[in-house]
Amino acid sequence: MSRLLTLGYSPCPNDTFIFYAMTHGHIPQPGFTIKERLEDVETLNRLALDGLLDLTKISYHAYGHLRDSYALLRSGGALGRGCGPLVIAPEATTMAQLRGRRIAIPGQLTTANLLLQLYGEGYDDLLILPFDRIVPALLSGAAEAGVIIHESRFTYQAAGFHEVLDLGAWWEEDTGLPIPLGGILARRELGREMITAVDRALRSSLIYAWQNPGEPRAYIRQHAQELDDQVIDAHIDLYVNDFSLDLGATGEAAVNELLRRAESRALIPASQAPLFTF
């Protein structure tokens, strides 16, 4: 008997690329079927906190609040080097000058906000917006700086903004580890056997996309904020990599270090639950 599992992921090109084969009947799914739901990452974070999704893409910041009820999958996530959130502003400035100023962020529980808080104190006047509304908010003067993610990383310079800090580069220099942005979670109550089957299917879905890169393009364009093929390709190339196939020891170390630092600053609750179920 096949079990219906709810799956949440974002409309961003890296997610639609990875999940295309899994949600379009190209990958065997022994023991389960998928009902997908596409939402921005902060909405997915909130849905998971309410326990409304069996499987979901999640910010690692949000995962810090979900470790007792959700386990991390080894495949499908966004982790790497040179791919972190950027702090930008309409005028040249410094992070010291931004303390106490209003900063737009793409969600309270995003890893972008967690990195901002780990960088230092004094960044708590926050304007929370969907990621694609941050640049318009800066243009209107609603915030003095913004933390951008996703496609905005590739388009902000053309709009005349200045980079203040690459939070990913700061993390890499400070820890020597790649930056863990988002992972795929499964409800622990699904059990080890089901979670393992889902992880294998997800890994196969990514391999299918790599082997047939043109096939998911229409699906990707259907959901992308930026329809320019060069932007879509740059997005996929940046966020989909070997860590997406398997976190491995280095990826696991990066996730553990992020959560350890967040715990030490009391930004997430402590948990004894293991990251994985297998």
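Our structure's up above, just so we're on the same page.
Residues numbered from 1 in each chain as written. Predicted model: local features only at pLDDT ≥ 70, side-chain atom pairs only at ≥ 80, totals over all residues. Heavy atoms only, no water.

Asker: How would you explain the packing of helix H5 (residues 111–119) against helix H7 (residues 167–175) if you had to name every residue and give the values?
Answerer: It is the contact of H5 with H7, at a shortest axis distance of 10 Å, that shows an interaxial angle of 55°. Classed by the angle they form, the pair H5 and H7 counts as oblique. H5 and H7 meet at a crossing whose hand is left-handed. Residue-level contacts link Ala-112, Leu-115, Leu-116, Leu-118 and Tyr-119 of H5 to Leu-167, Trp-170 and Trp-171 of H7. The residue makeup of the contact of H5 with H7, split by class, is eight nonpolar, no polar and no charged. (Axes fitted to C-alpha atoms, helices over the stretch in contact; angles between N-to-C directions. Helix = DSSP H or I, 4+ residues; strand = E, 2+ residues; numbered from the N terminus. Parallel < 35°, antiparallel > 145°, perpendicular 65-115°, else oblique. Left-handed = near helix turned anticlockwise from the far one by under 90°. Contact = heavy atoms within 4.5 Å. Nonpolar A, V, L, I, M, F, W, Y, C, P; charged D, E, K, R; others polar.)

Asker: So what about empty space enclosed by the protein? Which residues, and what values?
Answerer: Inspection of the entire model under this criterion finds two cavities of 30 Å³ or more. In this structure, the largest cavity encloses a volume near 230 Å³. Residue contributions to the lining of the largest cavity peak at three residues, all from strand E3 (residues 55–59). Here the lining of the largest cavity is composed, by residue class, of nine nonpolar, nine polar and three charged. (1 Å grid on protein atoms, 1.4 Å probe; cavity = no way out; pocket = protein on both sides within 12 Å on 5 of 7 lines; lining within 4 Å. Points joined across faces, edges and corners; volume = space filled by probe spheres on them.)

Asker: Outline H5, supporting the account with residue identities and numerical values.
Answerer: Within H5, eight of the nine residues are buried, which leaves it mostly tucked inside the rest of the structure. Here H5 has its buried residues at Thr-111, Ala-112, Asn-113, Leu-114, Leu-115, Leu-116, Gln-117 and Leu-118. (Buried < 20%, exposed > 50% of the residue type's maximum accessible area, 1.4 Å probe, protein only.)

Asker: Before we move on, could you go through the sheet that holds strand E6 (residues 86–89) and cite the residues and values that matter?
Answerer: Read across the sheet, five strands follow the order E8-E7-E9-E6-E10 without closing on themselves; strand pairing throughout is mixed. Two strands bound the open sheet, and with one partner strand each, they are strand E8 (126–128) and strand E10 (162–166). If you compare each strand with its neighbour and ignore which way they point, the axes differ by 30° on average. Against the sheet, H7 touches E6, strand E9 (145–148) and E10, its axis set at about 30° to E10. (Pairing = 2+ DSSP bridges.)

Asker: Please give an account of the nonpolar core that cites residues and values.
Answerer: With 53 residues, the main nonpolar core has Tyr-63, Val-87, Ile-103 and Leu-116 as its most contacted residues. In this structure Leu-116 touches Met-95, Ile-103, Ile-105, Tyr-123, Leu-126, Val-147 and Leu-167, once residues within four positions along its chain are discounted. (Core = buried A, V, L, I, M, F, W, Y, C linked by side-chain atoms within 4.5 Å.)

Asker: So what's going on with unusual backbone geometry? Which residues, and what values?
Answerer: Even without being a glycine, Ala-266 presents a positive backbone phi close to 60°. Residue classification places Ala-266 among the exposed positions, given a relative accessible area of 66%.

Asker: Describe helix H10 (residues 229–239), listing the residues and the values that go with them.
Answerer: Looking only at H10, the buried set comprises Val-231, Ile-232, His-235, Ile-236, Leu-238 and Tyr-239. Projected down its long axis, H10 shows its buried positions confined to an angular sector of 165°, all on one face. Relative to its buried face, H10 has exposed residues pointing more than 90 degrees away, namely Gln-230 and Asp-237. Contacts made by the buried residues of H10 are with helix H1 (13–23), strand E5 (78–80), strand E11 (179–187), helix H9 (217–223) and helix H11 (242–245). By the N-cap criterion, in which a side-chain oxygen at the helix start approaches the backbone nitrogen of a residue two or three places on, H10 is capped by Asp-228, the distance to Gln-230 being 2.9 Å. (Arc of directions from axis to C-beta. Polar contact = N/O pair within 3.5 Å; in protein donor to acceptor, adjacent residues only side chain to side chain.)

Asker: I'd love a proper account of the packing of aromatic side chains, names of residues and values included.
Answerer: Inspection of the entire model under this criterion finds four aromatic pairs. When the ring of Tyr-9 is compared with that of Phe-19, the centres are 4.4 Å apart and the planes differ by 15°; the resulting orientation is stacked. In this pair, Tyr-9 sits in strand E1 (residues 3–9) while Phe-19 sits in helix H1, placing the two residues ten residues apart along the sequence. Look at Tyr-119 and Trp-170: their rings are 5.5 Å apart centre to centre, the planes differ by 75°, and that puts the pair in the edge-to-face class. Note that Tyr-119 is positioned in helix H5 and Trp-170 in helix H7, a separation of 51 residues in sequence. With a relative accessible area of 16%, Trp-170 lands in the buried category. Ring-pair connections join several aromatic residues into one group, and the members of that group are Tyr-119, Tyr-123 and Trp-170. (Phe/Tyr/Trp six-rings, centres within 6.5 Å; stacked < 30°, edge-to-face > 60°.)

Read these as spatial facts, not as claims about activity.
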